[in-house]
Amino acid sequence: MTAPVRVVVLDDHQHAAMDAGPWERLAERFRVETLHEPIADTDALVAALAGAPVVVAMRERTSFDAERLERLTDLRLLVTTGMANAAIDLDAAARNGIVVCGTRGRSRHTVELTWGLILALLRSIPQEDARVRAGGWQHTLGAELDGATLGLVGLGRLGSAMVPVARAFGMDVVAWSQNLDAARAAEAGAEAVAKDELFRSADVVSVHYKLSSRSERLVGADEIAAMRPSSYLVNTSRGPIVDTPALLRALHDGAIAGAALDVYDREPLAPDDPLRSAPRTVLTPHLGYVTRENYRVFFADVVDDIAAWLDGRVERRLTPEP
């Protein structure tokens, strides 16, 4: 009898992968191990994955660059949750004979979290909760969304989904992206504006942009400087899109009213990262896609991808861009 194939699930921070997926369907064909803590060191990662032809990556939590993929000589199938993963070098995977597959996912989880962060930020919900628990009472004055302007950096699938919620709150919506035209913006219910105008006019700037070499530091020092002292910045997209040192300066100088972040340049956020002590911030640990419903979709497809590979088929292959 053929020995079960070793499968390693990385970065299962919440110990949720085994309950979220139908692993029992293939219990006799492979044995699954879950690792819960991040492995930042390359040597340690290579050692942990030795003898595992199948590895499951949770989004961009672990990097698979060219060096790592070359050293992971047992790896044949790398499955990532989601249909894109900027932390995987797809060209290097192809050179080393490693098949990379993705999964489907639900579409609104990050939008829901973004609105939670906006409300928490403008109404100081975390701070007031902490004061009530410590025996205190009202301390802050909140800001209202009704009559305010939401500025969307990016009007793709997620940015567009922000618009009807903003309208329900009574907000005006402006948007910018590198290739956005007025007709496309109007179709989504927003007004297309120039980039500098968006940062000058928006009361809340929300980032919904795909990370690439062109979008790194897209929200830079100039854009943050254009914001008003009463304006807020929210980023649930990817950390490197925002210039973090410039954002920190603006927060400490009082140049903007506050920021809510779910994503960071490096994750997990280091214990001594200056963002942890920055004023007027709401910080969450990359929770945008972390929901029970989404995990069930992720890991059902993970099991399907692995089963197909064992049967000599490939589902949802990710390939390098031409």
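Quick caveat: nothing in here was measured; it's all calculated off a predicted structure.

Novice: Would you mind showing me how to read the overall build of the protein chain here?
Specialist: From N to C terminus, the protein chain includes 12 helices and 12 strands. Here the C-alpha atoms of the protein chain give a radius of gyration of 22 Å, agreeing with the 20 Å that 2.2 N^0.38 yields for 322 residues. In terms of overall dimensions, the protein chain has a C-alpha envelope of 70 × 50 × 35 Å along the principal axes. Counting only residues that meet the buried cut, the protein chain has 49% of its 322 residues in that class. Pairs at least 24 apart in sequence give 65% of the contacts found in the protein chain among residues at least 6 apart. Surface exposure of the protein chain reaches about 15,700 Å², of which carbon and sulfur atoms provide 50%. Distance between charge centroids for the protein chain: 2 Å, based on 35 positive and 45 negative side chains.

Novice: Would you explain unusual backbone geometry in this entry?
Specialist: Trans peptide bonds make up the majority, and among non-glycine residues the majority have a negative phi. For the peptide bond that leads from E267 to P268, omega is -5°, which places it in the cis range. Its location among the elements puts P268 in the loop between strand 11 (258-261) and strand 12 (281-283). Positive phi values are uncommon outside glycine, yet H15 reaches one of about 55°. Within the element layout of this structure, H15 appears in the loop between strand 1 (5-9) and helix 1 (17-20).

Novice: Looking at this structure, how should I read the side chain of D12?
Specialist: Structurally, the position occupied by D12 is in the loop between strand 1 and helix 1. When near neighbours in sequence (up to four residues on either side) are disregarded, D12 contacts A17, T34, L35 and H36.

Novice: Got a minute to help me understand the sheet that holds strand 6 (residues 149-153) in this structure?
Specialist: What links the strands of a sheet is backbone hydrogen bonding, and the strands pair in either a parallel or an antiparallel sense. Read across the open sheet, the 7 strands follow the order 8-7-6-9-10-11-12; overall the sheet is parallel. At either end of the open sheet lies a strand with only one pairing partner, and these are strand 8 (191-192) and strand 12. Pairing analysis gives 4 bridges linking strand 9 (residues 204-207) to strand 10 (residues 232-235), with the strands arranged parallel. By the bridge assignment, S206 is partnered in strand 10 with V234. Together, strand 6, strand 9, strand 10, strand 11 and strand 12 form the strand contacts of helix 5 (residues 109-122), whose direction differs from that of strand 10 by roughly 150°. Of the strands in this sheet, strand 6, strand 7 (172-176) and strand 9 are in contact with helix 7 (residues 157-168), which crosses strand 6 at around 175°.

Novice: I would appreciate a short explanation of the side chain of D11 in the present structure.
Specialist: Position of D11 relative to the elements: it lies in the loop between strand 1 and helix 1. Of the buried charged residues, D11 lacks a salt bridge, with R61 as the closest side chain of opposite charge at 6.0 Å. At 2.4 Å, the side chain of D11 forms a polar contact with the side chain of T62. Leave out the neighbours within four places in its chain, and D11 touches L35, E37, P38, M58, R61 and T62.

Novice: So what exactly am I meant to see when it comes to the sheet that holds strand 5 (residues 99-101) here?
Specialist: Taken in spatial order, the 5 strands line up as 2-1-3-4-5 in an open sheet, and their pairing is parallel. In the strand order of this sheet, the two ends are held by strand 2 (30-34) and strand 5, each with one partner. When the angles between neighbouring strand axes are averaged without regard to direction, this sheet yields 20°. As paired strands, strand 1 and strand 2 are joined by 5 bridges and run parallel to one another.

Novice: Explain the nonpolar core to me, please; I cannot follow it from the model alone.
Specialist: Burial of nonpolar side chains together is a common tendency in soluble globular proteins. Counting 30 residues, the largest nonpolar core has W115, I118, L150, L152 and L155 as its most contacted members. At the level of secondary structure, the elements contributing two or more residues to this core comprise helix 5, strand 6, helix 7, strand 7, helix 8 (182-188) and strand 10. No other element matches helix 5, which puts 8 residues into this core. Other than its neighbours up to four places away in sequence, W115 contacts L145, L150, M162, V165, A166, F169 and M171.

Novice: Explain the layout of surface pockets to me, please; I cannot follow it from the model alone.
Specialist: Leftover empty space is mapped by rolling, across the atoms, a probe with the size of a water molecule. As a volume, the largest pocket reaches approximately 1,500 Å³. Considering the residues around the largest pocket, the lining is formed by 45 residues, among which R59, A84, K210, L211 and R238 are closest to the centre. Across the lining of the largest pocket, the residue classes tally to 13 nonpolar, 20 polar and 12 charged. A volume near 660 Å³ is recorded for the second largest pocket.

Novice: Teacher, can you tell me more about empty space enclosed by the protein here?
Specialist: Scanning all chains against the criterion turns up 1 cavity of 30 Å³ or more. Size it by volume and the largest cavity reaches roughly 50 Å³. Forming the walls of the largest cavity are N235, G239, V242, T244, L247, L261, V263, Y264 and L275. A breakdown of the residues in the lining of the largest cavity according to their chemical character gives 6 nonpolar, 3 polar and no charged.

The rules behind these values
- Residues numbered from 1 in each chain as written.
- Predicted model: local features only at pLDDT ≥ 70, side-chain atom pairs only at ≥ 80, totals over all residues.
- Heavy atoms only, no water.
- Helix = DSSP H or I, 4+ residues; strand = E, 2+ residues; numbered from the N terminus.
- Rg over C-alpha atoms; globule rule 2.2 N^0.38 Å.
- Buried < 20%, exposed > 50% of the residue type's maximum accessible area, 1.4 Å probe, protein only.
- Contact = heavy atoms within 4.5 Å.
- Areas by Shrake-Rupley, 256 points an atom, 1.4 Å probe, with all protein chains shown as cover.
- Lys, Arg positive; Asp, Glu negative; His and termini not counted.
- Charge placed at Lys NZ, Arg CZ, Asp CG, Glu CD.
- Pairing = 2+ DSSP bridges.
- Axes fitted to C-alpha atoms, helices over the stretch in contact; angles between N-to-C directions.
- Salt bridge = Lys/Arg side-chain N within 4 Å of Asp/Glu carboxyl O.
- Polar contact = N/O pair within 3.5 Å; in protein donor to acceptor, adjacent residues only side chain to side chain.
- Core = buried A, V, L, I, M, F, W, Y, C linked by side-chain atoms within 4.5 Å.
- 1 Å grid on protein atoms, 1.4 Å probe; cavity = no way out; pocket = protein on both sides within 12 Å on 5 of 7 lines; lining within 4 Å.
- Points joined across faces, edges and corners; volume = space filled by probe spheres on them.
- Nonpolar A, V, L, I, M, F, W, Y, C, P; charged D, E, K, R; others polar.

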